[in-house]
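Spelled out, the chains give:
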Amino acid sequence: MEKYDVVVVGGGVAGSVAARFAAKSGFRTLLVEKFKTPRNKPCSGIQFQYFEKLIGEKIPREKLCRNELFKVEIITPKDKVLKGRMKMLNFWRSTFDSWLNSLAADAGAEFHDNTSLIDFVADKTEGKIIVKLSAEGEHREVKAHYLIGADGMLSRVRKKLRPQDFDKKASGATVNYYFVGEANLDPNTLYMFYKREFCPLMFAWVYLKDDKWVIGTGANENPLEYADRFFNYVKEKYGLRGQIVKKEGFSSTLKSTVFLGEGRVLLLGDAAGLVDLYRGVGMDNAALSGRLAVKAITKAEEEGSEAAKAYEHHMKKFVKKIETNAKRQMKRLSSNNELERSLSPLNMLKGGLHMLIANQINKILPPEKLRFLPP
Ligand SMILES: Cc1cc2nc3c(=O)[nH]c(=O)nc-3n(C[C@H](O)[C@H](O)[C@H](O)COP(=O)(O)OP(=O)(O)OC[C@H]3O[C@@H](n4cnc5c(N)ncnc54)[C@H](O)[C@@H]3O)c2cc1C
């Protein structure tokens, strides 16, 4: 049976970053991705420039969308429009994640797409983990010293460790409509609609990716009703003339609690519950968790300590922030008045200044000390 130091499940942001850094650190690493790559992942694919520091590489221009996003327009419940400027990275997750997979492979990780984890069990005699994989109907078993579950919100690794963290039914979904045609919208602006009638969870969004306008939202109940209402509003307000070429939904049964794993099984990114709905992003936390998981494994190997404990320690500050932001988010969305208050000119001015300063400071800070945005 093939033996690896680290087996990483999931070729998204978290898994690819972890596999790359594990291989760079000299660990014999296997990275498996369930789908044939490049695979689609429902995601807006927007991040700030500090994200390049987290993944450890400048993103080549051809991996980004043709249109750059460098303006933001926030529309408040009372229809105030707040405008700002901030350079963002705009990419399709299929192209981007496939590039990340190749970076992991270039660093020495063995990468297999079309390969799923189906189960794992402890091998007590050797103190290893037997990882059961399936590749195009063929079953294969490998041994791992560490198992990394970076397998997203529907994580099998987490389900095995903590089935109680999953509900029987998905409580909601995000929905994206992809529209091609004419629109009285700016191709370089990310539009964020903070209106509970369009999005009771976060904000509803509109932006351009190459030739496609993405018009989307998320809701705990009746997400399609929200998506249709929002699309019709955008269509009328911005004079959309053309057609919807694709509708895409994403739902999960994972409850929103953070769990980072146990013993030599570590959970990363969405599998660990690291999405931050207050900030409306998850890829930065996913990349960071990939780095810190490898740091924890390295420490555990050097000191003979438990990797999950070291990982929990490294992640402490970030987990606290996610939990605080979840509470802020609940408060902010409790009514349109609260939402309007959170977007008051004073708060926005403070937020804008924070963003400007953080953006400058982030240029010199090391990856683990970065100020994540928006604040
Ligand atoms: C609609 C939407 C918009 C978003 N927009 C943004 C945004 O603009 N910016 C941002 O920062 N974040 C955004 N997010 C959040 C972001 O998409 C996630 O936080 C991020 O993808 C998490 O990365 P990950 O690597 O943990 O998981 P994923 O990207 O989900 O990757 C998990 C991978 O594991 C694979 N996998 C699953 N099961 C198995 C298995 N059994 N065996 C092998 N492989 C498996 C999957 O196929 C997948 O490739 C958005 C999310 C949604 C739903």
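Not measured: the values here are computed from a predicted model. (Residues numbered from 1 in each chain as written. Predicted model: local features only at pLDDT ≥ 70, side-chain atom pairs only at ≥ 80, totals over all residues.)

### Concerning the overall build of the chain
Along its length, the chain carries ten helices and 16 strands. Relative to the globule expectation of 21 Å for 375 residues, the C-alpha radius of gyration of the chain, 21 Å, shows essentially globular dimensions. If one aligns the C-alpha atoms of the chain with their principal axes, the spans along those axes are about 65 × 40 × 40 Å. A sequence separation of at least 24 residues applies to 67% of the contacts in the chain between residues at least 6 apart. (Helix = DSSP H or I, 4+ residues; strand = E, 2+ residues; numbered from the N terminus. Rg over C-alpha atoms; globule rule 2.2 N^0.38 Å. Contact = placed C-beta atoms within 7 Å.)

### Observations regarding the domain arrangement of the chain
Domain assignment breaks the chain into domain 1 (2–45 + 92–168 + 254–336) and domain 2 (62–91 + 171–250). For domain 1 versus domain 2, the distance between C-alpha centres works out to 29 Å. Each side of the interface is counted separately: domain 1 has twelve residues, and domain 2 has 18 residues. Here the residues of the side of domain 1 that touches domain 2 are counted per class, giving six nonpolar, five polar and one charged. (Domains from an automatic or database assignment. Nonpolar A, V, L, I, M, F, W, Y, C, P; charged D, E, K, R; others polar.)

### Some points on the sheet that holds strand 12 (residues 204–209)
In spatial order, the strands read 3-5-4-11-12-13-10-14; together these eight strands make up an open sheet with mixed pairing. Where the open sheet ends on each side, the last strands, each with one partner, are strand 3 (46–48) and strand 14 (241–250). Across this sheet, the average inter-strand angle for adjacent strands is 30°, counted without regard to direction. Here strand 11 (residues 189–193) pairs with strand 12 via three bridges, running antiparallel. Within strand 12, the residue paired with F193 across the bridge is A204. (Pairing = 2+ DSSP bridges. Axes fitted to C-alpha atoms, helices over the stretch in contact; angles between N-to-C directions.)

### A word on helix 8 (residues 307–332)
Along its 26 residues, helix 8 runs 36 Å from first to last C-alpha, staying within 8% of the 38 Å computed at 1.5 Å per residue. Most pronounced at K316, the bend in helix 8 amounts to some 55°. Buried within helix 8 we find A307, A308, A310, Y311, M315 and I322. (Expected span 1.5 Å × (residues − 1). Bend = angle between axes of the 7 residues up to and from the residue. Buried ≥ 20, exposed ≤ 12 C-beta atoms within 10 Å, placed from the backbone.)

### Considering the site of the ligand
Contacts to the ligand come from 38 residues, most closely from G10, G12, G152, G269 and G282. Residues of the shell around the ligand, tallied by class, amount to 17 nonpolar, 13 polar and eight charged. Looking at which domains feed residues into the shell around the ligand, each of domain 1 (2–45 + 92–168 + 254–336) and domain 2 (62–91 + 171–250) gives three or more. (Near = placed C-beta within 6 Å.)

### Quick notes on the nonpolar core
The biggest cluster of nonpolar side chains holds 102 residues, and the ones touching the most others in it are A18, I148, L266 and L268. Sort the elements by how many residues they give to this core and helix 7 (residues 283–303) lands first, with ten residues. Residue assignment places this core across two domains, with domain 1 (2–45 + 92–168 + 254–336) and domain 2 (62–91 + 171–250) each supplying three or more. Excluding anything up to four places from it in sequence, L266 contacts Y146, I148, L260, G261, A293, A307, A308 and Y311. (Core = buried A, V, L, I, M, F, W, Y, C linked by C-beta atoms within 7 Å.)

### Notes on helix 7
An ideal rise of 1.5 Å per residue puts 30 Å on 21 residues; helix 7 measures up with 30 Å between its terminal C-alpha atoms. Downstream of helix 7 by a residue or two, G304 has a phi angle that is positive, lying close to 70°.

### Let's talk about the environment of E141
Mapped onto the secondary structure, E141 falls in strand 9 (residues 138–149). Here E141 falls in the partly exposed class, since 14 other C-beta atoms lie within 10 Å of it. Measuring from C-alpha to C-alpha, the distance between E141 and K24 comes to 24 Å, with 117 residues separating the pair along the chain. Leave out the neighbours within four places in its chain, and E141 touches M1, I130, V131 and K132.

### What about the packing of helix 1 (residues 13–24) against helix 3 (residues 93–106)?
For the pair helix 1 and helix 3, the least separation of the axes is 8 Å and the interaxial angle reads 15°. Here helix 1 is positioned roughly parallel relative to helix 3, judged by the angle of their axes. The handedness of the crossing between helix 1 and helix 3 is left-handed. Contacts between helix 1 and helix 3 involve V13, S16, V17, A19, R20 and A23 from the first element and D97, L100, N101, L103 and A104 from the second. (Parallel < 35°, antiparallel > 145°, perpendicular 65-115°, else oblique. Left-handed = near helix turned anticlockwise from the far one by under 90°.)

### Observations regarding the packing of helix 1 against helix 7
For the pair helix 1 and helix 7, interaxial distance at closest approach is 8 Å and the crossing angle is 30°. In terms of their interaxial angle, helix 1 and helix 7 are classed as roughly parallel. At the point where helix 1 passes helix 7, the crossing takes the right-handed sense. Facing helix 1, whose interface residues are V13, A14, V17, A18, F21 and A22, helix 7 presents M283, A286, A287, S289, G290, R291, A293 and V294. For the contact of helix 1 with helix 7, the class distribution of residues is eleven nonpolar, two polar and one charged.

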